[in-house]
Amino acid sequence: MIEILQILLSESFWSASLRIATPLIFGVLGALLCEKSGVLNLGIEGIFVVGAMVGWMAVWLGAGLWGGVLAAALAGALFGLLHGILTVPLGLSQHVSGLAITLFASSLSYFSYRTALPTVSSPPRIDPFQPLDIPILTNLPFLGPVLFQQTALTFLSLFCVLLVWYVLNKTALGVAIKAVGDNPNSVDAQGLSVYGLRISAVMAGSALMALGGAFLTMSAFDAFFFGMVNGRGWICIALVIFASWRPGKALLGAILFGAFDALQVRLQTEVGAFVPSQVFLAAPYLLSIFALVIAARRAEYPRALLTPWFKGQR
Amino acid sequence: MIRIEARDTQSLAWNLGLPVISATLALLLAAIPLTLAGAPIGESYFYMFMGVFGSKFAFSEMLTRATPLIFTGLAAALAFRAKLWNIGAEGQLYLGAMAAAAIGTGVFDVSGIILIPTIIVFGCAAGAIGMIVPAALKIRFDADEVVTTLLLNFIIVIFLQYMLEGPLKDPMGLGWPQSSPIMDQGMLPKVMERMRIHYGIFIALLCAAVAQFMLIRSVWGFKLRAVGENMHAARHAGLPINSSLLTVAAISGALAGLAGVSEVAGLKGYLTADLSPGFGYTGIVVAMLAGLSPAGVVIAALFIASVFVGADSMSRAMGVSSYLADLVVSAALLCVLLGGFLTKYKIISVASQSGSSR
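Residues numbered from 1 in each chain as written. Chains lettered and ligands numbered in written order. Predicted model: local features only at pLDDT ≥ 70, side-chain atom pairs only at ≥ 80, totals over all residues. Heavy atoms only, no water.

Draft legend 1. The arrangement of the pattern of salt bridges in detail. The full count for this structure, using the stated rule, is 5 salt bridges over all chains. A salt bridge links R125 of chain A to D222 of chain A; the shortest N-O distance between them is 2.6 Å. Of the two residues, R125 of chain A is situated in the loop between α5 (94-116) and α6 (143-147) and D222 of chain A in the loop between α10 (194-220) and α11 (232-242); the sequence distance between them amounts to 97 residues. A salt bridge links E61 of chain B to R196 of chain B, with the nearest nitrogen and oxygen atoms 2.9 Å apart. Of this pair, E61 of chain B sits in helix α4 (residues 56-81) while R196 of chain B sits in the loop between α7 (145-165) and α8 (200-217); the two residues are 135 residues apart in sequence, bridging distant segments of the chain. Taking relative accessible area as the criterion, E61 of chain B reaches 15% and is therefore assigned buried. (Salt bridge = Lys/Arg side-chain N within 4 Å of Asp/Glu carboxyl O. Helix = DSSP H or I, 4+ residues; strand = E, 2+ residues; numbered from the N terminus. Buried < 20%, exposed > 50% of the residue type's maximum accessible area, 1.4 Å probe, protein only.)

Here it is in structure tokens:
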């Protein structure tokens, strides 16, 4: 018990938790934005892969790190547009369309990567984002090392939490996005475009998801690996429900999740001799299911989630 | 201005033609990535064709590849009919495969007449449990089965790694994480000498026939379709929703489990962690391409298997990444989705007033 307490009080533990949480923060925010507008985006897993591949590839081709971030976001938005067109004006099944996007986006990424680099045996590396070293702030007790061992992308993810919260709760646009996810008829009656709002929200959300993927290849690692996303997208879909579609709770959920993941890595070194390593590997997925089970009953789903809306049909 | 309107009647020819057109379109679209990869188009398609129809062996390989896809396609089609989103066929496949490896490698040293059915029953049961759990979580806690089945896929694969490093590990396997071989009498017979195709394909076809009959002709099938088409109306009519969902969950999981059984006890003869190259996920494409009809699943599985086997041999000959096959398969799903829209709705252009002033 003392050991666990020591781990929980250490700066390096919380620093690792925030690092592990970063792609999830992007992903949960992205899924939240899509679902707030009434569209479930199961393309998330594939869009993570696209973000990871495109971001890395852009940097590798010489676009610079922020060029890579931009490229990843644009690629994500493009797949968001595809999902948006299929599910919003065409009103196709959001489940099947999302899965189709995931299959299409990941196979396209893998095919492009293999076609661009047919012969490499070990994946080529880029110079990833480095931890920000902000003078004075770094010297703050506890918070300094936790926050300022992170790269710029982690700060970007925290900024996005604020941004999404602000837009959803403090702006007319946010009111419209939430309304289109609850009662599209009321939005239509006000002369706003239901299609436009939903597609834009899905595109913006998908861009955020792609940033989660880009973090993996441009900050957490420095290369693209097959299967590196490894279910993170699906975990985000569970976390959104856990967070009850609130950006602040989404941040909390992602960090708790990161903390749990960081803890299991450390516990593994403590008790690894007695417990099979697979127990720790499976823990994040089990935790997600558990979070879903306890949260699902009292979750306040956006009322028009999964329901297509057609102009002129009430 | 364009407007979208529901069609009054859905034409049968469209419903039958749509999957064919979608599949062909997806195959033709493959020309784009092929060109980008620098491969000559004609030659590539020729190798793809020959990879399936070039020899008796090539054709048998396609049928071998189609076998697990028929099972997972049926698993998805039946569940989706009831609007139960079983995305967990990949995990259920591995549960069935683990059961086959656990039973078939020496626990019961009995003759094949007893051993093979035992393996099949346990494989089905293991797969069924893999889907009953998420269905029960859905019924009891409203936990979305899409998310739980997707996450269970990862958990089951990790559990598989544990089993292959521990209880199921082959002591003679030179340290490789794989199971002991299935006993000879526990293996499904081969269909032909010197080919890999096995009796799993007949079991798959039998399952498709039974599923088609049950879905269209039985009371059970009627209930299942009613639940899928309008759950509220079905509940109002007094149909037992929960038991219908649990039953279809069990059957769907069992079918996915059979895919694992047939791969282990029909094709490979032992279990490894890379048994399935995503058969569970591809089964969803098969089911959608088939319009969720069990009979259609057979045809769709043959098509998808042809794409995989053909693209494999093409990519070996032309040096193009074999991920091309996955690309074509996912593009086929997108095409059939779009096409499905066109069979249900029509897009009419409404002449706007400014348009006529010319």
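Draft legend 2. View of the packing of helix α3 (residues 44-60) of chain A against α5 of chain A. Residue and element names in this part refer to chain A. Viewed as axis vectors pointing N to C, α3 and α5 meet at an angle of 25°, and their least axial separation amounts to 7 Å. What the angle tells us is that α3 and α5 run roughly parallel. In this structure, α3 meets α5 at a crossing whose hand is left-handed. Touching I44, E45, G46, I47, V49, V50, M53, W56 and M57 of α3 are I101, T102, A105, S106, S109, Y110, S112, Y113 and A116, all from α5. Grouping the amino acids of the contact of α3 with α5 by side-chain chemistry returns 12 nonpolar, 5 polar and 1 charged. (Axes fitted to C-alpha atoms, helices over the stretch in contact; angles between N-to-C directions. Parallel < 35°, antiparallel > 145°, perpendicular 65-115°, else oblique. Left-handed = near helix turned anticlockwise from the far one by under 90°. Contact = heavy atoms within 4.5 Å. Nonpolar A, V, L, I, M, F, W, Y, C, P; charged D, E, K, R; others polar.)

Draft legend 3. Molecular detail of the interface of chain A and chain B. Contact with chain A, which involves 43 residues of that partner, is made by 43 residues of chain B. Taken together, the two surfaces of chain A and chain B that pack against each other cover about 3,800 Å², and 82% of this comes from carbon and sulfur. Where chain A packs against chain B, one counts 1 salt bridge. Close ionic contact of R297 of chain A with D142 of chain B constitutes a salt bridge, the shortest N to O distance being 3.1 Å. Broken down by secondary-structure element, the contributors of at least two residues to the side of chain A that touches chain B are α4 (65-87), α5, α11 and α13 (277-296) of chain A. (Buried area = accessible area lost by both parts, 1.4 Å probe.)

Draft legend 4. Region of interest: the packing of aromatic side chains. In total, this model carries 22 aromatic pairs over all chains according to the counting rule given. The interplanar angle of 70° and the centroid separation of 5.1 Å between the aromatic rings of Y199 of chain B and F202 of chain B together place this pair among those described as edge-to-face. Take F202 of chain B: its relative accessible area is 40%, and that puts it in the partly exposed class. Within the aromatic cluster, the residues linked to one another by ring pairs are W56, W60, Y110, Y113, F224 and F226 of chain A together with Y323 of chain B. The ring of F141 of chain B carries the charged tip of R140 of chain B above its face, separated from the ring centre by 4.9 Å. (Phe/Tyr/Trp six-rings, centres within 6.5 Å; stacked < 30°, edge-to-face > 60°. Lys NZ or Arg CZ within 6 Å of the ring centre and 35° of its normal.)

Draft legend 5. Quick look at the nonpolar core. Residues F224 of chain A together with F80 and L271 of chain B are the most contacted members of the largest nonpolar core, which totals 213 residues. When residues in this core are grouped by element, the largest group, 14 residues, is from α10 of chain A. Setting aside its immediate chain neighbours within four residues, F80 of chain B contacts W85, N86, I87, I284, M288 and L292 of chain B. Core analysis: the second largest hydrophobic core is formed by 6 residues, I7, F13, A262 and L263 of chain A among them. (Core = buried A, V, L, I, M, F, W, Y, C linked by side-chain atoms within 4.5 Å.)

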